[in-house]
4 protein chains.
Amino acid sequence: MNFRSDNEAPIDQHILQAIIDANQGSEESYGYDRYSEQFTEQCQALFETWCEVLPLATGTAANSIAMTLSCPPYGAILCHEDAHLNRDECGAPEFFTGGAKLIPMPGEHGKIDLDNLDEFLAGTGVHGEHESLPCTISITQCTESGTVYTLQELKRLKAIKEKYGLALHMDGARFANALVTLDCSPAEMTWQSGIDMLSFGATKNGAMMAEALLIFNTAYIREIKRLRKRSGHLISKMRFISAQLVRYLEDDLWLKLAKKANQQARLFTQETSQLVECLHPVEANEVFCRLPVVLIEQLKQQGFEFHVWPGHNDVIRLVFSHATRERDTKGLIAAIEAHQFRVNQQSTG
Amino acid sequence: MNFRSDNEAPIDQHILQAIIDANQGSEESYGYDRYSEQFTEQCQALFETWCEVLPLATGTAANSIAMTLSCPPYGAILCHEDAHLNRDECGAPEFFTGGAKLIPMPGEHGKIDLDNLDEFLAGTGVHGEHESLPCTISITQCTESGTVYTLQELKRLKAIKEKYGLALHMDGARFANALVTLDCSPAEMTWQSGIDMLSFGATKNGAMMAEALLIFNTAYIREIKRLRKRSGHLISKMRFISAQLVRYLEDDLWLKLAKKANQQARLFTQETSQLVECLHPVEANEVFCRLPVVLIEQLKQQGFEFHVWPGHNDVIRLVFSHATRERDTKGLIAAIEAHQFRVNQQSTG
Amino acid sequence: MNFRSDNEAPIDQHILQAIIDANQGSEESYGYDRYSEQFTEQCQALFETWCEVLPLATGTAANSIAMTLSCPPYGAILCHEDAHLNRDECGAPEFFTGGAKLIPMPGEHGKIDLDNLDEFLAGTGVHGEHESLPCTISITQCTESGTVYTLQELKRLKAIKEKYGLALHMDGARFANALVTLDCSPAEMTWQSGIDMLSFGATKNGAMMAEALLIFNTAYIREIKRLRKRSGHLISKMRFISAQLVRYLEDDLWLKLAKKANQQARLFTQETSQLVECLHPVEANEVFCRLPVVLIEQLKQQGFEFHVWPGHNDVIRLVFSHATRERDTKGLIAAIEAHQFRVNQQSTG
Amino acid sequence: MNFRSDNEAPIDQHILQAIIDANQGSEESYGYDRYSEQFTEQCQALFETWCEVLPLATGTAANSIAMTLSCPPYGAILCHEDAHLNRDECGAPEFFTGGAKLIPMPGEHGKIDLDNLDEFLAGTGVHGEHESLPCTISITQCTESGTVYTLQELKRLKAIKEKYGLALHMDGARFANALVTLDCSPAEMTWQSGIDMLSFGATKNGAMMAEALLIFNTAYIREIKRLRKRSGHLISKMRFISAQLVRYLEDDLWLKLAKKANQQARLFTQETSQLVECLHPVEANEVFCRLPVVLIEQLKQQGFEFHVWPGHNDVIRLVFSHATRERDTKGLIAAIEAHQFRVNQQSTG
């Protein structure tokens, strides 16, 4: 029973079928296929606005191209210190931008502390050309701690970005999971909240490999196709990426899949609320919780798979995916309850 | 009937089935899956040597990472002036290497003129640090003109690379097509011929998106996985890339597919030898030929798809793929013969 | 009276004379002049070891080339959060290295907290290729807070760098000022303390524009001249850089100049110890002190020049240089005493 | 007697004196000094237009920053195959631009063949995002062959750059030598001829180390000071660079120095016209000529210094500088005549 990552889950059957269906005869290569075109139209309808759409195979590519569009080499990118961008991409943003500087910002539960951000920005500029020029704020939605920026917080971010004339990027590797939590429209969570660019993820939510970069603000339109090509991300048989994305959006499949994942996380949290301490509010499909080390070992032996958090042998991350079955979640709950029961027995025995 | 590119062909059914089969349950992400491991073993058996194997989604990524491994930013890469690396990757090698210099070399039929290469290299070094340091020779096999370096020519290249202490890279986007032409072992066409690194392509020969970088020479081993990650090429559900590659090599599927493609090209060339002037020897699955402009127009109207070569309105490129049916090839031959017949009629009429 | 920066001081007369003397007839260009050769020999004698020596015009170039030699693009550089490298070079290290990641480390008084550094490094590696690989530690000696790492602290740093197999770089923009404080040999403060590479500064201590990169550890020898050339730092009439450096080291001129600067800082600190609160120990030629805002204004009006520290309107930095005259220092002291006298008068009046 | 390079010549006495004069007291650092300001005003007066002016220590920096301003990483730069930019900067333009592609263009006598350039540009674009986007044309004036583009040729270049919407850059390492040849105004040879950016060289013509980047076209204004800083080219005591440039332009010193150099080249060419075959028209201060190998050896033994051209043991380059004395030139002429006399004697003897 795998709670390790939504990246380890299989492809949703509808999306797999879309790949199979796309394998009919020949089709224009290098992104000039009918699916890529269709996906652009879907996005513009879904987000209720014009936007440029670039299908890609990885989120790292989407994030890094977004940084390149908004931040010159002499610029700085502000993101949470735990942001995937900062910690888990082995310097991809620095590479793509030609050496822009990432400035890690603090904040609880994976969200940038907005007061501190404002104060930090107010203090920049005094060293003139000796400083990298702040150009881009990047947030992750859901955050790396499994939390979700509220529309109120996004509004505040919009005010800050406008105050300092910065670009605002959203790393939406788990965009659908956040959206179903906020229960708002895609437009509200993005461009209406000042988001200029969105890395729109589908892989963690049921696709095989399919992400897209969406650009809402025409100020950041550049030779985006050349940037994709020269980083090796122009896939020749692009139809098989875009066909996934097309199906992902059809019939609200993406929302259904995300709801399933979030529901399992919620089920787990509710049922174990008396037994398990969560480190961050559980707002989407990830749970970070503290468990007795001995219980962690037992769960492993019982075949439960999850990450023990680096540096903390009593903290685990559980990720619930579109493929998590309710019986798996209940099995995990039962295992924790059984442990607690034994402990209680011993202490009262 | 599509003769435009093997990139426009569908996925071979066996490979598609392998993707479907791989979609069972959860699997380690980020390349630590069983298929990636199996493919490494297959490669080492197939090439009869130890090699490092890095599955990737695109050939541009494979080529560019290879350049990064062998050529520092102050170095120079020697390749044919028509090489994909030089003409069709929008500066990807320059980007990945941090600004290495590509030096385009001349040569007939897409092959580097080896005398000229030797002479050029003999003349380098006189400007000391003012010159970029030649580090890597990259060849394409099959070449961009559809020709194949002979083992004899590769032997000569090996002597040159050893004389000057350079790395030798093979861009094998159509590796299988070349191999079945030479009818030698993969080892003979690569490391036994001095090839240090190979971009091993499968996409053009029936895969969905699947390439691999193989490194035979331990001198070029570096943090290859970090290079893949930071360029955004570490696909989270990598199992679906590697599963393609595993199947590609099983049952000699890759060779069967390449033979089918080459056969159609040979069929076309043989049947039209009296009617059509080929610009380059037809040695694999591509044909570059000169046709009357009026015939080119007629063929288009009859639904034949192909590239008219940039800058030459009477030259077309025909690419035969694993999916080209013999009846399509014969249809094309018939259309050309019919035109010729009409012309003959008119001139004798 | 200028206490703003040692960069605003004039050239020491002996060094200016050396430039004039070097202007005799023609001389080999691009660093193959006799002065560059002589300076290498001087360095090897002074540091009592073989070392590679690269004269340069700026410290940013020296630092950035050092980073390039020791840290690949997928690597990480650890430095103090206030390090010039991190804050004041507009991303130069990121640019030169091709996008390596700078990881800012905390610590009091401009020195990296070594316990924290050790702990941080112990925690790296768990994310595999997703993390940038720690490769280089860079310290500044004197630090940006005007303090000096003791030999004891350097010994500890050496142990840490050896424990994790990292490179250790010293940004010695004010190397001479630190050395006369520690009163040890250049060898002791560098390679004997595990320093692999040194940015050896002369500009702030009396030269016109003259710095050098010294590499003690042969593991970091690469095409250093090509790195200099391709970053535009190979000055054609290099003799005029190297002639400065040669004279700088002759007759212990460099130590005499640094001693003069440090003495003035000490004089100021001693005479004002009852009046002025220093934020950092004064260990070389820089003083960071807190003064009443009204006094800061008065001093400015009296013609004293200094930096008010960004974000702190009651903190100033005073830099004493080789050109600071004792009468200037005493003038500043007197102005502060006079203010205090007036304040006392008022409070007792 | 040095005819090897104008880079090996000493500093002109007036310029050296300006450095000495600038060494009075303290002065704002990092380019905010009075000389930098004055030089900007001089340039704007001299070129009869607004322009942005960036003093620098090397021409490689000026060229490379110019490329960065006008060519994105996915762009291409067109220059003569023998251009310094292409051959002698060890990949600096590739480095600064983040991997733009240099496309070497052919042409006689160091000048780009303009018909061929036009034709080449007309053929670009057909491969879409697979091709690097042509963005910048860079010419060298005087060229690397010692020739000078005429105003007529510049006019043609202007038409081409406008036709294709490209930037036009002039590498003016020997700008003064070209200008005195054309005998036109600086404005005519630059922005009135479509030049958007000029690398304005002074080092080869009598300065110690002093170049400047001038930008005439506001379309190419970006964070130029940050680009200078992050490449390590912001010299802290910048006053000593700018003071050279100020003096260089005063009293037409720069033109006088260039005239002296050109005159000696003309004297040599005229006096040896019957004896020496020149490979390129001698239009400024450089002479490329074919001499008997035995004579080349004799000249070397007599103490004449010059470059034997790489790959051609019977071709030498003679560079005449501001410091070349007429008696040196005549000495060289005499040595060649004496050799010819001996040869004649022998053949008639």
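Residues numbered from 1 in each chain as written. Chains lettered and ligands numbered in written order. Predicted model: local features only at pLDDT ≥ 70, side-chain atom pairs only at ≥ 80, totals over all residues. Heavy atoms only, no water.

This next bit is on the domain arrangement of chain A. Residue and element names in this part refer to chain A. Domains assigned within chain A are domain 1 (12–251) and domain 2 (253–341). Here the C-alpha centre of domain 2 lies 28 Å away from the C-alpha centre of domain 1. Counting residues at the interface gives 29 residues for domain 1, matched by 20 residues for domain 2. Interface area, domain 1 with domain 2, both sides summed: about 2000 Å², of which 58% is carbon and sulfur. The tally of links between domain 1 and domain 2 comes to 1 salt bridge. Here Arg 174 and Glu 286 are joined by a salt bridge, their closest N and O atoms 3.4 Å apart. (Domains from an automatic or database assignment. Contact = heavy atoms within 4.5 Å. Buried area = accessible area lost by both parts, 1.4 Å probe. Salt bridge = Lys/Arg side-chain N within 4 Å of Asp/Glu carboxyl O.)

On to the pattern of salt bridges, then. Opposite charge on two side chains permits pairing when their charged atoms draw close. According to the stated counting rule, one finds 90 salt bridges over all chains in the structure shown. Ionic pairing is found between Arg 34 of chain C and Glu 27 of chain C, a salt bridge with its closest N-O pair at 2.6 Å. With a relative accessible area of 8%, Glu 27 of chain C lands in the buried category. Among the charged side chains, a salt-bridge network with shared partners connects Arg 4, Glu 8 and Glu 305 of chain A together with Glu 28 of chain B. (Buried < 20%, exposed > 50% of the residue type's maximum accessible area, 1.4 Å probe, protein only.)

This next bit is on the UniProt feature "domain: Aromatic amino acid beta-eliminating lyase/threonine aldolase" (unreviewed entry) in chain A. Here, the residues flagged by UniProt with the feature "domain: Aromatic amino acid beta-eliminating lyase/threonine aldolase" (unreviewed entry) are residues 2–288 of chain A. Secondary structure content for residues 2–288 of chain A is 41% helix and 16% strand, while the C-alpha to C-alpha distance between its ends is 15 Å. (UniProt positions renumbered as here; feature names shortened; annotations may be inferred. Helix = DSSP H or I, 4+ residues; strand = E, 2+ residues; numbered from the N terminus.)

Another point: the interface of chain A and chain B. With 51 residues of chain A at the interface, the matching set in chain B holds 51 residues. Carbon and sulfur atoms supply 58% of the area buried between chain A and chain B, which totals about 4100 Å² over both sides. Contact with chain B buries area across many residues of chain A, yet Phe 95, Arg 230 and Lys 237 of chain A alone supply 19% of it, more than any other trio. For the pair chain A and chain B, the number of links is 2 salt bridges. Ionic pairing is found between Arg 4 of chain A and Glu 28 of chain B, a salt bridge with its closest N-O pair at 3.9 Å. On inspection of chain A and its partner chain B, the count reaches 29 residue pairs in polar contact (both at pLDDT 80 or more). Among the elements of the structure, helix H1 (13–22), helix H3 (59–70), helix H5 (92–97), helix H10 (224–230) and helix H11 (239–249) of chain A are those that each provide at least two residues to the side of chain A that touches chain B. For the side of chain A that touches chain B, the element with the most residues is H1 of chain A, which contributes 4 residues. Looking at the side of chain A that touches chain B residue by residue, the classes come out as 20 nonpolar, 17 polar and 14 charged. (Polar contact = N/O pair within 3.5 Å; in protein donor to acceptor, adjacent residues only side chain to side chain. Nonpolar A, V, L, I, M, F, W, Y, C, P; charged D, E, K, R; others polar.)

Now for the confidence of the model for chain A. A residue-level look at chain A finds 100% of positions with pLDDT of 70 or above and a mean pLDDT of 96. Among the scores for the predicted complex, ipTM is 0.96 and pTM is 0.96. (pLDDT = per-residue confidence, 0-100.)

Bringing the packing of helix H6 (residues 114–122) of chain A against helix H7 (residues 151–164) of chain A into the picture now. For any two helices packed against each other, the geometry is given by the interaxial angle and the distance between the axes. All names here are of chain A. At a minimum axis separation of 11 Å, H6 and H7 run at an interaxial angle of 0 degrees. By the angle class used here, H6 and H7 are roughly parallel. Mapping the contact onto sequence places Leu 114, Asp 115, Leu 117, Asp 118, Leu 121 and Ala 122 in H6 and Glu 153, Arg 156, Leu 157, Ile 160, Lys 163 and Tyr 164 in H7. Split into classes, the residues belonging to the contact of H6 with H7 amount to 7 nonpolar, no polar and 5 charged. (Axes fitted to C-alpha atoms, helices over the stretch in contact; angles between N-to-C directions. Parallel < 35°, antiparallel > 145°, perpendicular 65-115°, else oblique.)

So, about helix H3 (residues 59–70) of chain B. With 12 residues, H3 of chain B should cover 16 Å at 1.5 Å per step; its first-to-last C-alpha distance of 17 Å lies within 8% of that length. All of the buried residues along H3 of chain B are Thr 60, Ala 61, Ala 62, Asn 63, Ser 64, Ile 65, Ala 66, Met 67, Leu 69 and Ser 70 of chain B. (Expected span 1.5 Å × (residues − 1).)

Time to look at the relation of the copies chain A and chain B. For the pair of chain copies, the relating operation is a rotation around an axis with a shift along it. With an axial shift of 0.0 Å and an RMSD of 0.0 Å, the rotation relating chain A to chain B amounts to 180 degrees. Taken together, the rotation and translation describe the operation of a two-fold axis. Across chain A, the rotation axis passes nearest the C-alpha of Ser 231 of chain A, at a separation of 3.4 Å. Of the residues that chain A buries at the interface, 100% are likewise interface residues in chain B, meaning the two copies contact each other through the same surface. (Least-squares fit on C-alpha atoms with pLDDT ≥ 70 in both.)

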